[in-house]
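Inside the fold
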Amino acid sequence: MIDINLIRENPELVKANLKKKFQDKKLPLVDEIAELDKRKRALQAEGDNCRAMRNTLAKNIGLLMRDGKKEEAEEAKRISKENNDRVARIEEETAEIETRLKTAMMSIPNIIADDVPVGRDDSENVQGKVFLEAKEKPFDVPYHLDILESLGGIDLDAARRTSGNGFYYLTGDIARLHSAVLNYARDFMIDKGFTYCIPPYMIRSDVVSGVMSFEEMEGMMYKIDGEDLYLIGTSEHSMIGRFMGTVLSEDSLPQTLTSYSPCFRKEKGAHGIEERGIYRIHQFEKQEMIVICKPEESEDWYEKMWNYTVELFVSMEIPVRQLICCSGDLADLKYKSCDIEAWSPRQKKYFEVGSCSNLTDAQARRLGIRYKNSKTGKNEFAHTLNNTVVAPPRMLIAFLENHLQPDGTVYIPEVLRKYMGGKSKIELKN
RNA sequence: GCAGAGAUGGCGGAGUGGUCGAACGCGCACGACUCGAAAUCGUGUUACGGGCAACUGUACGGGGGUUCGAAUCCCUCUCUCUGCGCCA
């Protein structure tokens, strides 16, 4: 949600932003909001006067009653009642206008960064920096499920029986590797100065609607039957929710946190679970990082954050690149965003393994995350950012494909060995 | 799950129908003292909104009600604490 002052003072900027995001159909909303806002303020002035009147009248009645002037008090009560009817009418209209205004404001996207490339959809995203050479293998790289099966690391049949499509059992060294990657990533982030956090895996609906749009909620979130609780789709939800409605002291910023959680997603809609394997599933685990900081620091943190992910992957000897999200592919809450993509030697292309976003104050405004600015003495909205450190099932695909040896074993890079009992490779089954 | 108590500013915590946006304390800001600091003393300090301004409105967990008037009374929901039960 953007600051309504922007629409009051610079509606052209908001419109230009909509055009850059190819959301031209929302253009009339800007003028509509300006009108509603005007009407709301007029009502407010009128209502304020009526309420001021009510307060004065009520005070007088108190005094009259005290002095025992019964009749005068009764007359004042009658006048007050009339005035209250008017207040009620005004408040009714105000409530209606506010609802419309809020709905409209919610669908106005955050102002995007100047350096976001303009493009219609994900096909126009732009490659950023590339890290490590993306080499082709001198042999055919099998589909990741076949690699997993050859290593005795997965049981999809059983998972389908117990839970249906979109779930898996990981076993043996593969399960251990999965945990190893998470543990390594956790320690990696702790070494970067982040605070490790294990958050709730279920959150209430008011938190959910604060951190995402209604459509996202429908398509992603699992609801617990009979309770006002949802399974989190990412720990970002509970991590950011932690600060809902709070005023942080300036010296407690930046909050730099890294969290572990399972993530639960319906994966409804256009893409769905059409792919065989573990690329898109209902339940996976993820190490996440979030930062809450002062506005002037968020650009720097954004750069640092996506680079941490790159550094992590490079340390595991997996080639990656930054893919810069274009204006049309940017979710409405985002100021800028990029994906980190890992190299797939099988597909001979990169695929998404993580996503880093700076939401500036848009998310903080929705959730009421503020900090006391010591210079102005005012409570101001903080900036929020989030980034994937690593999500093992997806990273496992990259890992297996990149570290597969000609003999079918899988190489374990140095940094992970202490989490794998010193092993340097994963052997074939039997 | 049952019973009782409770939810008030950045924090702790008074306040049980009008003079309460809210005592007091902590914290914070500024000033004095000091070579400087600590301690001490003084002043200020709830938030959000409308208005050029004077000024003004709203908010005491959420929602609804009673009343001319609600932090205060009633209903309801949520949460927290204490005891009991249940389960690791």
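Residues numbered from 1 in each chain as written. Chains lettered and ligands numbered in written order. Predicted model: local features only at pLDDT ≥ 70, side-chain atom pairs only at ≥ 80, totals over all residues. Heavy atoms only, no water.

**Looking at a negative patch on the surface**
- On the surface, a cluster of negative charge is contributed by D121, D122, E124 and D329.
- Within the secondary structure layout, D121 lies in the loop between helix 4 (70-106) and strand 1 (126-131). (Patch = residues over 30% accessible without salt bridge, like charges linked within 9 Å, V, L, I, M, F, W, Y side chains within 5 Å. Areas by Shrake-Rupley, 256 points an atom, 1.4 Å probe, with all protein chains shown as cover. Salt bridge = Lys/Arg side-chain N within 4 Å of Asp/Glu carboxyl O. Lys, Arg positive; Asp, Glu negative; His and termini not counted. Charge placed at Lys NZ, Arg CZ, Asp CG, Glu CD. Helix = DSSP H or I, 4+ residues; strand = E, 2+ residues; numbered from the N terminus.)

**Remarks on unusual backbone geometry**
- The omega angle of the peptide bond from L253 to P254 is -5°, so this bond is cis rather than trans.
- For P254, the location among the structural elements is in the loop between strand 8 (246-248) and strand 9 (255-264).
- In this structure, F22 takes a positive phi of about 55° despite not being glycine.
- With respect to the helices and strands, the residue F22 is situated in the loop between helix 2 (11-20) and helix 3 (27-66).
- Even without glycine at this site, K348 takes up a positive phi of about 55°.
- Along the chain, K348 falls in the loop between strand 12 (336-344) and strand 13 (349-358).

**Side note on the domain arrangement of chain A**
- With domains assigned, chain A is organised as domain 1 (4-105) and domain 2 (122-426).
- The C-alpha-based centres of domain 1 and domain 2 are spaced at 44 Å.
- Listed per partner, the contact involves 5 residues of domain 1 and 5 residues of domain 2.
- Carbon and sulfur atoms make up 31% of the area that domain 1 and domain 2 hide from each other, which totals about 350 Å². (Domains from an automatic or database assignment. Contact = heavy atoms within 4.5 Å. Buried area = accessible area lost by both parts, 1.4 Å probe.)

**Topic: the protein's contact with RNA strand B**
- Around RNA strand B sit 19 residues, and of these R8, R41, D48, A58 and S80 come closest.
- Backbone atoms, meaning sugar and phosphate, form 75% of the atoms of RNA strand B found within 4 Å of the protein.
- Note that a base nitrogen of RNA strand B is positioned 2.5 Å from one of the backbone N or O atoms of A58.
- For the surface near RNA strand B, the elements supplying multiple residues, two or more each, are helix 3, helix 4 and strand 14 (369-372).
- Here the surface near RNA strand B is composed, by residue class, of 3 nonpolar, 6 polar and 10 charged. (Near = heavy atom within 4 Å. Polar contact = N/O pair within 3.5 Å; in protein donor to acceptor, adjacent residues only side chain to side chain. Nonpolar A, V, L, I, M, F, W, Y, C, P; charged D, E, K, R; others polar.)

**Considering the sheet that holds strand 16 (residues 383-390)**
- The sheet built from 8 strands is open, its strands ordered 1-11-12-13-16-10-9-4 with mixed pairing. Only two strands of the sheet have a single neighbouring strand rather than two, namely strand 1 and strand 4 (195-197). Going across the sheet, the axis of each strand differs from the next one's by a mean of 25°, ignoring polarity.
- Pairing geometry for strand 11 (residues 320-324) and strand 12, over 5 bridges, is antiparallel. For Q322, the partnering residue across the bridge sits in strand 12 and is I340.
- Each of strand 1, strand 9, strand 10 (283-293), strand 11, strand 12, strand 13 and strand 16 touches helix 11 (residues 298-315); the most contacted strand, strand 16, lies at about 5° to it.
- Taken strand by strand, helix 13 (residues 392-403) contacts strand 10, strand 12, strand 13 and strand 16, and its axis lies near 145° from that of strand 13. (Pairing = 2+ DSSP bridges. Axes fitted to C-alpha atoms, helices over the stretch in contact; angles between N-to-C directions.)

**As for the packing of helix 7 (residues 172-191) against helix 13**
- Between helix 7 and helix 13, whose axes approach to 10 Å, the crossing angle comes to 110°. The pairing of helix 7 with helix 13 is recorded here as roughly perpendicular in orientation. Residues I174, L177, H178, V181 and L182 of helix 7 form the contact with helix 13, whose own contacting residues are P392, P393, M395, L396, F399 and L400.
- Of the residues that constitute the contact of helix 7 with helix 13, the class distribution is 10 nonpolar, 1 polar and no charged. (Parallel < 35°, antiparallel > 145°, perpendicular 65-115°, else oblique.)

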